[in-house]
Amino acid sequence: MAVIHESRGEIGAPAPVVDTACPLDCPDACTLHVTVHRGRIVEIDGSQKNPVTGGYICNKVRKFGERVYGPDRLLYPAIRVGPKGQGHFKRVPWDEALEVVVDRFRRAKAEHGATSILPYSYGGSNGLLTQDNLDAQLWRRFGTSRLARTICAAPTGAANQALYGKMPSVVYQDYPNAALIVMWGVNPSASGIHLVPYVREAQKRGATLVVVDPRTTTLARLADVHLAIKPGTDVAVALALHRHLFENGLSDEAFLAAHATGAERLRERAAPWTIERAAETADVDAALLRRFADLYATSSPALIRCGWGLERNRNGGNAAMAVLALPAVGGKFGVRGGGYSMSNSASWGIDRTWLTAAEPATRVVNMNHLGRALTEYDDPPVDVLFVYNCNPLATAPDQRRVLRGLERENLFTVVYEQVMTDTALYADVILPATTFMEGYDFAKAYGPISMELARPVIDAVGESRPNADVFGELCSRLDLLAEDEPKDELELAVRVLGALPGTIGDDLGSGLSPRPPFGLAPVQFVDVFPNTPGRKVNLFPEAYEATAPLGLYRFQLDPATEQYPLTLISPASERTISSTLAELPRPDVKLRMNPTDAAARGLEDGAPVRLFNELGEVHCLLNVTAAVRAGTVSFPKGLWRRSTMNGLTATALVPDTLTDIGGGACFNDARVEVAALPDTGKSVRKGKATVTN
Ligand code: SF4
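Since the model is a prediction, treat every value here as computed from it, not as a measurement.

A. Just the overall build of the chain, in detail. In terms of regular secondary structure, the chain is built from 21 helices and 27 strands. Relative to the globule expectation of 26 Å for 693 residues, the C-alpha radius of gyration of the chain, 25 Å, shows essentially globular dimensions. Taking the principal axes of the C-alpha coordinates as reference, the chain spans close to 70 × 65 × 55 Å. Here the chain holds 693 residues, and 63% of them are scored as buried. Sequence-distant contacts in the chain: of pairs separated by 6 or more residues, those separated by 24 or more amount to 76%. Carbon and sulfur atoms form 50% of the exposed surface of the chain, whose accessible area is close to 24,600 Å². The average position of the 72 basic charges and that of the 78 acidic charges among the side chains of the chain differ by 2 Å.

Written out as structure tokens, the structure reads:
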């Protein structure tokens, strides 16, 4: 742990550059150089330590200092003194704030049982120290409701687990070895930017690029084939590829016999999906789809990057299953640059059960049903909501219902956060959290395979405290920890380092970059194999045949109606990491619409519009662009309420229905209409909050 105590910029000393790493929810986990002057961050840039970072980073984290020192930063614990949502708080000492929380926990347990407490969190930080350790200890030992953390990656994760047991997948560095790259439902220009140069390098070496995306993204412009499919139809397209392989003698029967089960069942389900039928369903040119199918069948090494865009609809789980099954049926494994590429988060084989208590069999709340849980659940009702590492009022489906829930007078809400989020405005108690610039963490990539130590580069701003300290103290106040268990960040860091498999802990503690036993660039079916029974690909996981609404590899029809014919998608943007950093001013937020759809409605570029359906209405400006397919409109993911004219964002239009597999969110199943908004002269809303002494 010697490297942990490096200089952090003493007053008067030359501005030092401190090595750290980015643990935010992004596949890349960059290594960083942070310049600190007189105890303040003055510059954040990429370092060369991680070759994938290669000395550059995204503009989001380059501007992270604006969050650390910005006007929205939470500096002190505070208690609400005005009506809910008005943002009036009174500063209190940590001791008082924590005692209020502990007292409320005890009261909730006594009145309706501990399951009336709902912890709510997601990947505001993906580091090993900021989630799933002392927080999990608190919730499990106190017996609160459990949260199904399904808002992202649940369907793709379920598919990857079912088919391959989350086998490590192709890393960025191996993309240049591919002859064909298929980017399916993923836009690395917005998230995971370090993948782009590897794709470009592959193209320079002659690789063919196929992009499946309803938008003409930067990579789509550079693609040999761009399939701008209708959102929600990925499963039909993937099944047509399977049928093409099976029916034309292009499936790898030897591989399937040796390494897979369930191929016959998959073949049966793919049989109805001719190229023509799938093309009609996806609303793309059949000749283009046939070209894609031919390219996939005949290219080697062929690599599919399975993104998260394809999972955000009613067919999301089956879409991920069908896409991930393609390299097995097509015989694309066993060669460098071939196979599939998706989240590598499970590659390190880190088992956390050593640290936390076993999960109790308490109520499970799907996080996509937050609004429902707050407004409808009564057995028991949610009496206490504890939010950390996320901002559900901006991110959860059915925003207006979440808002109604947060407005409940008899709901006690704790928000433990870095900045005054939309959700924090509705808190009864606010606890200020450190950012990753102010604490330790272990940043684990899930695109490349890498893990790095993140260390504090400045002292905690205001009275903010790291997650492990606060959850450790809450556990201690509730008598939930044994003497020898870690209670704060440093104790936890030491314990985690000691428990990581192999030499990972030693390497991290010495400032080195660890490697898993199979190396940093494994070849699937050479260096790594499925973590499934018999190490075989399970192409027809029966459990999901029983639970998916129509069974496995089935297609549920589009939910569009005559009244709401347009598909609203809300993809990641270059400006935020989910909703993180959306507090920064963003005057250019616009709804993107194809010229055909705009003309049909008499709408002009730059005009104020209403985007609406039966769940809500969003007021914003219009951008007419051919970069989004006709019939689909696009509004950025993760916006805060201040970003629109009426304080509602895309999630206000998203139903809280769940994906066929994995219980994921159906963001892209929002069906909407768009109309002109009479010019009210209103601009975007401003955030509002005061914390008084
Ligand atoms: S958000 Fe991603 S690209 Fe940006 S610094 Fe962090 S890991 Fe790198």
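B. The arrangement of the sheet that holds strand 26 (residues 670-676) in detail. One closed barrel holds the six strands; their spatial order is 21-25-22-24-23-26, and the pairing between them is mixed. Sheet twist, expressed as the mean angle between neighbouring strand axes with direction ignored, is 45°.

C. Examining the sheet that holds strand 8 (residues 180-184) more closely. The five strands are arranged 10-9-8-12-13 in an open sheet whose pairing can be described as parallel. Every interior strand has two partners, whereas the edge strands, strand 10 (225-227) and strand 13 (339-341), have only one. Strand-to-strand twist across the sheet, computed as the mean angle between neighbouring axes with direction ignored, equals 15°. Strand direction decides the pairing type here: strand 12 (residues 302-306) and strand 13, joined by three bridges, are parallel. Residue pairing across strands places Arg305 opposite Ser341, the latter belonging to strand 13.

D. Broad picture of the site of the ligand. For the ligand, the full set of nearby residues is Cys22, Cys26, Asp28, Ala29, Cys30, Ile57, Cys58, Val61, His194 and Ile577. Of the residues that constitute the shell around the ligand, the class distribution is eight nonpolar, one polar and one charged.

E. How the structure looks around the nonpolar core. The biggest cluster of nonpolar side chains holds 68 residues, and the ones touching the most others in it are Leu163, Trp184, Leu539 and Tyr553. Here this core gets ten residues from one element, more than from any other, and that element is helix 13 (residues 316-330). The residues touching Trp184, leaving out its near neighbours within four places in the chain, are Val212, Asp234, Val237, Ala238, Phe292, Arg305, Cys306, Gly307, Leu310, Val323 and Leu326. Grouped together as the second largest cluster of nonpolar side chains are 55 residues, Val365, Ala396, Val589 and Val654 included.

F. Spatial organisation of unusual backbone geometry. Following Ser300, the chain continues into Pro301 via a peptide bond in cis, with omega recorded as -5°. By the secondary structure assignment, Pro301 is in the loop between helix 12 (286-298) and strand 12. Residue Asp379 is joined to Pro380 through a cis peptide bond whose omega torsion reads -5°. The residue Phe525 is not glycine, and still its phi comes out positive at about 70°. Locating Phe525 in the fold gives a position in the loop between helix 19 (504-509) and strand 20 (537-538).

G. The pairing of strand 24 (residues 616-624), seen in detail. Summarising the sheet, strand 22 (residues 590-593) and strand 24 pair through four bridges and their orientation is parallel. Pairing of Met593 across the sheet is with Val624, part of strand 24. Sheet topology note: the strand 23 (residues 608-613)/strand 24 ladder contains six bridges and is antiparallel. Bridge pairing links Arg610 to His619 in strand 24. Where strand 23 folds back on strand 24, the antiparallel hairpin that results is connected by two residues.

H. Representation of the packing of aromatic side chains. Taken as a whole and judged by the stated rule, the model has 25 aromatic pairs. Three or more aromatic residues joined by ring pairs make a cluster, and in this case those are Phe105, Trp139, Phe142, Phe386, Tyr388, Tyr416 and Phe471. The ring of Tyr76 is capped by Arg91, whose NZ or CZ atom sits 3.5 Å from the centre of that ring. The ring of Trp273 is capped by Arg277, whose NZ or CZ atom sits 3.8 Å from the centre of that ring.

I. Examining the pattern of salt bridges more closely. Under the definition given, this model contains 35 salt bridges. Arg314 is paired through a salt bridge with Asp669; the nearest N and O atoms lie 2.7 Å apart. Taken together, the residues Arg314 in the loop between strand 12 and helix 13 and Asp669 in the loop between strand 25 (632-634) and strand 26 connect sequence positions 355 residues apart. Among the ionic pairs, Arg671 bridges to Asp669, the shortest N-O distance being 3.9 Å. Both residues of the pair, Arg671 and Asp669, count as buried. Residues joined by salt bridges that share partners form a network here, namely Asp95, Glu99, Arg465, Glu473 and Arg477.

J. Representation of the packing of helix 8 (residues 234-247) against helix 11 (residues 275-282) within the structure. In the contact formed by helix 8 and helix 11, the axes pass within 9 Å of each other and the chain directions differ by 165°. The pairing of helix 8 with helix 11 is recorded here as roughly antiparallel in orientation. As helix 8 packs across helix 11, the resulting crossing turns out to be left-handed. Counting all contacts with helix 8, which are made through Ala236, Val237 and Ala240, the residues of helix 11 involved are Ile275, Ala278, Thr281 and Ala282. Broken down by class, the residue content of the contact of helix 8 with helix 11 amounts to six nonpolar, one polar and no charged.

K. The arrangement of the pairing of strand 6 (residues 117-121) in detail. Among the five residues that make up strand 6, five are buried, leaving the element largely enclosed by the rest of the structure. Where burial is concerned, the two faces of strand 6 agree: the one with Ile117, Pro119 and Ser121 and the one with Leu118 and Tyr120 are both buried. Relative to strand 15 (residues 384-388), strand 6 runs parallel, the two sharing five bridges. When the sheet's bridge partners are listed, Tyr120 is paired in strand 15 with Val387.

L. Region of the structure containing the packing of helix 5 (residues 154-164) against helix 13. At a minimum axis separation of 8 Å, helix 5 and helix 13 run at an interaxial angle of 40°. When the axis of helix 5 is compared with that of helix 13, the two are oblique. As helix 5 packs across helix 13, the resulting crossing turns out to be right-handed. Between helix 5, through Pro155, Thr156, Ala159, Asn160, Ala162, Leu163 and Tyr164, and helix 13, the contact on the second element is made entirely by Gly316, Gly317, Ala320, Met321, Leu324, Ala325, Pro327 and Ala328. Grouping the constituent residues of the contact of helix 5 with helix 13 by class yields eleven nonpolar, four polar and no charged.

About the criteria used
Per-chain numbering applies: the sequence of each chain, read as written, is numbered from 1 onward. The predicted origin of the model limits local features to residues at a pLDDT of at least 70 and limits the giving and counting of side-chain atom pairs to 80 or more, whereas totals for whole chains, interfaces and linings rest on all residues. Water and hydrogen atoms play no part in the side-chain values, which are based on all heavy atoms of the structure. In DSSP terms, a helix is any run of H or I states spanning at least four residues, a strand is any run of E spanning at least two, and both are numbered starting from the N terminus. Here the globule rule reads 2.2 Å times residues to the power 0.38, and the radius of gyration is calculated from C-alpha atoms. Categorising residues by exposure relies on relative accessible area from a 1.4 Å probe, with only protein chains included: less than 20% of the type maximum marks a residue as buried, more than 50% marks it as exposed, and the intermediate range marks it as partly exposed. Any pair of residues with heavy atoms lying within 4.5 Å of one another is described as a contacting pair. Per-residue and other accessible areas follow the Shrake-Rupley method at a 1.4 Å probe size, with only the shown protein chains counted as cover for residues. Here the positive residues are Lys and Arg and the negative ones are Asp and Glu; neither His nor the chain ends is included. Charged side chains are reduced to one point each, which is NZ for Lys, CZ for Arg, CG for Asp and CD for Glu. Two strands qualify as a pair provided that DSSP identifies no fewer than 2 bridges between them. Only the contacting stretch of a helix is used when fitting its axis, a line to C-alpha atoms as for every element, and angles between N-to-C directions run 0 to 180 degrees. One heavy atom suffices: a residue is near a molecule or strand as soon as one of its heavy atoms comes within 4 Å of it. Under the grouping applied here, Gly and all other residues not named as nonpolar or charged are polar, the nonpolar ones being Ala, Val, Leu, Ile, Met, Phe, Trp, Tyr, Cys and Pro and the charged ones Asp, Glu, Lys and Arg. By nonpolar core we mean a set of buried residues, namely Ala, Val, Leu, Ile, Met, Phe, Trp, Tyr and Cys, connected to one another through side-chain atoms within 4.5 Å. Stacked, tilted and edge-to-face pairs are distinguished by plane angle, under 30 degrees for stacked and over 60 for edge-to-face with tilted covering the rest, among Phe, Tyr and Trp rings (Trp via its six-membered ring) whose centres lie within 6.5 Å. Placement of a charge over a ring requires the Lys NZ or Arg CZ to be within 6 Å of the ring centre, with the centre-to-atom vector within 35 degrees of the ring normal. Definition used for salt bridges: Asp or Glu carboxyl oxygen within 4 Å of a side-chain nitrogen of Lys or Arg. For classification, angles of less than 35 degrees are called roughly parallel, those exceeding 145 degrees roughly antiparallel, those between 65 and 115 degrees roughly perpendicular, and all remaining angles oblique. Note: crossing handedness is left-handed where the near helix turns anticlockwise from the far helix by less than a right angle, and right-handed where it turns clockwise.

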